[in-house]
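Structural overview for review
Listed below are the residues making up each chain.
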Amino acid sequence: SLGLEIIETTPEEHDRSMATSQALMHFITLPLIRMGIKNQKIKISALDKALELVDIFKDDSEQLFEDVQNQNPYARGLRKRFIKELQEIDSKLK
């Protein structure tokens, strides 16, 4: 009645999926929250999407953030890969 779907999976597949859908999204959104990114009159529609993520994660505790990052065995590797990509993009812009 809630419209939920049960997905049978292995613990490893679950953790890999959650590293992307939860840990990485938390990691991307936290800097936006800390920077105080807000809605503005002049914008592209992508800002609205980013602010939806901010709204989803803004009330999560720091402990939850740390637990999501540290207790998922795949989160660190994904985080490091994301940071590497950011650094490569940034270095090309200098």
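Okay, so let's go over this structure. (Residues numbered from 1 in each chain as written. Predicted model: local features only at pLDDT ≥ 70, side-chain atom pairs only at ≥ 80, totals over all residues. Heavy atoms only, no water.)

**Digging into the overall build of the protein**
Regarding its fold elements, the protein presents 4 helices and 0 strands. A fraction of 73% describes how many contacts in the protein between residues 6 or more apart in sequence connect residues 24 or more apart. By element, 55% of the accessible surface of the protein is carried by carbon and sulfur atoms, the whole surface being about 7,800 Å². The positive charge centre, built from 14 side chains, and the negative charge centre, built from 16, are 10 Å apart in the protein. (Helix = DSSP H or I, 4+ residues; strand = E, 2+ residues; numbered from the N terminus. Contact = heavy atoms within 4.5 Å. Areas by Shrake-Rupley, 256 points an atom, 1.4 Å probe, with all protein chains shown as cover. Lys, Arg positive; Asp, Glu negative; His and termini not counted. Charge placed at Lys NZ, Arg CZ, Asp CG, Glu CD.)

**Brief notes about helix α3 (residues 62-71)**
Think of an α-helix as turning once every 3.6 residues; residues three or four places apart then point the same way. Restricting attention to buried positions, one finds in α3 the residues F65, V68 and Q69. The arc enclosing the buried residues of α3, seen along the axis, measures out at 90 degrees, which places them on a common side. Looking at α3, the residues exposed on the side facing more than 90 degrees away from the buried face are N70 and Q71. (Buried < 20%, exposed > 50% of the residue type's maximum accessible area, 1.4 Å probe, protein only. Arc of directions from axis to C-beta.)

**Considerations on the pattern of salt bridges**
Pairs can form between side chains of opposite charge whenever their charged atoms are close. Applying the stated criterion to the full structure yields 6 salt bridges. Among the ionic pairs, D48 bridges to K43, the shortest N-O distance being 2.7 Å. For E52, the salt bridge is made with K49, and the minimal N-O distance between the two is 3.9 Å. Separated by 3 residues within a single helix, E52 and K49 lie in helix α2 (residues 45-57), roughly one turn from each other. For E52, a relative accessible area of 45% gives the class partly exposed. One connected set of salt bridges, linked through shared partners, spans D55, K58 and D59. (Salt bridge = Lys/Arg side-chain N within 4 Å of Asp/Glu carboxyl O.)

**Quick look at the packing of helix α1 (residues 11-35) against helix α4 (residues 75-93)**
Two elements in contact, α1 and α4, have axes whose closest approach is 10 Å; the angle formed by their N-to-C orientations is 50 degrees. Here α4 runs oblique to α1, going by the angle between their axes. Classified by chirality, the crossing of α4 by α1 is right-handed. Touching A19, T20, A23, L24, F27 and I28 of α1 are A75, L78, R79, F82 and I83, all from α4. (Axes fitted to C-alpha atoms, helices over the stretch in contact; angles between N-to-C directions. Parallel < 35°, antiparallel > 145°, perpendicular 65-115°, else oblique. Left-handed = near helix turned anticlockwise from the far one by under 90°.)

**Quick word on the packing of aromatic side chains**
Applying the stated criterion across every chain yields a total of 1 aromatic pair. Summarising the aromatic geometry, the rings of F27 and F82 are spaced 6.3 Å apart at their centres and angled 85 degrees between planes, so their arrangement reads as edge-to-face. With F27 in helix α1 and F82 in helix α4, this pair connects stretches of sequence that are 55 residues apart. A relative accessible area of 26% means that F82 is categorised as partly exposed. (Phe/Tyr/Trp six-rings, centres within 6.5 Å; stacked < 30°, edge-to-face > 60°.)

**Quick look at the environment of K92**
With respect to the helices, strands and loops of the structure, K92 is situated in helix α4. The exposure class assigned to K92 is exposed, which follows from its relative accessible area of 71%. A sequence separation of 17 residues divides K92 from A75, and the C-alpha atoms of the two residues are 26 Å apart.

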